[in-house]
Amino acid sequence: MKEELYMYDVIIVGAGPGGIFTAYELAEKKPELKIAVFEMGHELKKRKCPIDGDKVKSCIHCKSCSIMSGFGGAGAFSDGKYNITNDFGGTLHEYIGKKTAIELMQYVDKINLRFGGEGTRLYSTAGTSIKKKCLQNDLHLLDASVRHLGTDINYIVLEHLYDYLKDRVDFYFDKAVKDVEKTENGFVIHCADEMYESRKCVISAGRSGSKWMESVCRSLDIGTKSNRVDIGVRVELPAEVFSHLTDELYESKIVYRTKEYGDLVRTFCMNPKGVVVNENTNGIVTVNGHSYEDPERQTGNTNFALLVAKHFSEPFKDSNGYGESIARLSNMLGGGVIVQRFGDLIRGRRSTKSRIEESFTVPTLNASPGDLSLVLP
């Protein structure tokens, strides 16, 4: 079948935060440009995970995971935390300088407030006594300001952004880009039986598109380097245990250096009174945390990730593959996500259904009891 050709000034691949704000800036600064955004997932209002805790209790491997893909990207249903800091979350400051990086983050924060986030709280580690308490216990609290929108307000911000952009930008949902071709005039992207040409092409494929992005880089002879991979677990405990941290800071990134091996262990993505949810990335089921501003949707548990970063050197180049292999092993042993009581883990025994039921902390995610020591390296 002959491919049809459509022309644009700029094509953006991926409708996560990177793609959304690229489209926003172009629409604001260069309204005369003809812009298209291609997204393999659904538009926002059609993003519905079938897991309801009743009829569907675990991941059924949808063709397009509504949690991971679609307008808003993998963070559309996240806790809605926006960290304003150079201490973690990326290396943008290495390219544009720390001052400019912070100014850009603050600029994005103002956009979020303009599109529905007004009235939400901005937390800060500045002047907190918790930093001293951490140092006294060989821990390090990283500096940051944190805007907490909550999963519910985050969704509203995305709705308003889409309403603003839909008449200024052409969106193509459920439209996976198969290949990107460099031409004399710019780029051609191939989608099934259609081709789209543009002078410029911005790729912001996110985690779900990481494997595809690797193939694009190879075909266009773009150099890549092996990045770090974060390995860890998501911890769930009664909200009261961490309330002294979450009430003041909401999100606290605390780092500990292990005494035996010198590994840096850190907390990440804290969700006060939140829930643990499934995510499906390239067929691998993992977990994330959500938290809501609405008190009626809050739970009695707080959850957070506990991570160790692994860095690789030559000749190894597939850090993503390494992380995926660990997650696949978990899926193989547990038929999905594994849950284990902390007491069972330190005693070296697997958790069973009866042991989980005896726990005073009730997990918010339905997962298979097991032994995490068989999974983690």
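Everything quoted here is computed from the prediction, not taken from an experiment.

Q: Hey, could you run me through the packing of aromatic side chains in this one?
A: Given two aromatic rings, their pairing is described by the distance between the two centres and the angle made by the two planes. Throughout the structure, instances matching the rule amount to 17 aromatic pairs. Members of the aromatic cluster, connected to one another through ring pairs, are Tyr8, Phe38, Tyr172 and Tyr196. The positively charged end of Lys34 is found above the aromatic ring belonging to Tyr8, 5.1 Å away from the centroid.

Q: Sorry, what's going on with the state of the cysteines here?
A: Joining two cysteines, a disulfide is a covalent bond between their sulfur atoms. A full pass over the atoms with the stated rule returns zero disulfides. Lacking any disulfide linkage, Cys49 is separated from the closest cysteine sulfur, that of Cys65, by 6.4 Å.

Q: So what exactly am I meant to see when it comes to the sheet that holds strand S13 (residues 264–271) here?
A: Whenever strands of a sheet pair, they do so through backbone hydrogen bonds, lying parallel or antiparallel. What the five strands build is an open sheet, ordered S5-S12-S13-S16-S11; its pairing is antiparallel. With one partner strand each, in any of the chains shown, strand S5 (140–141) and strand S11 (229–238) form the two edges of the open sheet.

Q: Is there a simple way to think about the side chain of Asn154 in this case?
A: Position of Asn154 relative to the elements: it lies in helix H5 (residues 150–165). When near neighbours in sequence (up to four residues on either side) are disregarded, Asn154 contacts Gly75, Ala76, Ser78, Gly80, Tyr82 and Leu149.

Q: I would appreciate a short explanation of the pattern of salt bridges in the present structure.
A: What the rule picks out here adds up to 16 salt bridges. The salt bridge involving Lys46 is made with Glu43; its shortest N-O contact spans 3.8 Å. Residues Asp143 and Lys131 are paired through a salt bridge, measuring 2.3 Å at the closest nitrogen-oxygen approach. Taken together, the positions of Asp143 in the loop between S5 and strand S6 (145–148) and Lys131 in helix H4 (residues 130–136) put the pair 12 residues apart, joining distant regions of the chain. A network of salt bridges, in which partner residues are shared, links Asp79, Lys81, Glu251 and Lys253.

So, how was this worked out
- Residues numbered from 1 in each chain as written.
- Predicted model: local features only at pLDDT ≥ 70, side-chain atom pairs only at ≥ 80, totals over all residues.
- Heavy atoms only, no water.
- Phe/Tyr/Trp six-rings, centres within 6.5 Å; stacked < 30°, edge-to-face > 60°.
- Lys NZ or Arg CZ within 6 Å of the ring centre and 35° of its normal.
- Disulfide = S-S within 2.5 Å.
- Pairing = 2+ DSSP bridges.
- Helix = DSSP H or I, 4+ residues; strand = E, 2+ residues; numbered from the N terminus.
- Contact = heavy atoms within 4.5 Å.
- Salt bridge = Lys/Arg side-chain N within 4 Å of Asp/Glu carboxyl O.

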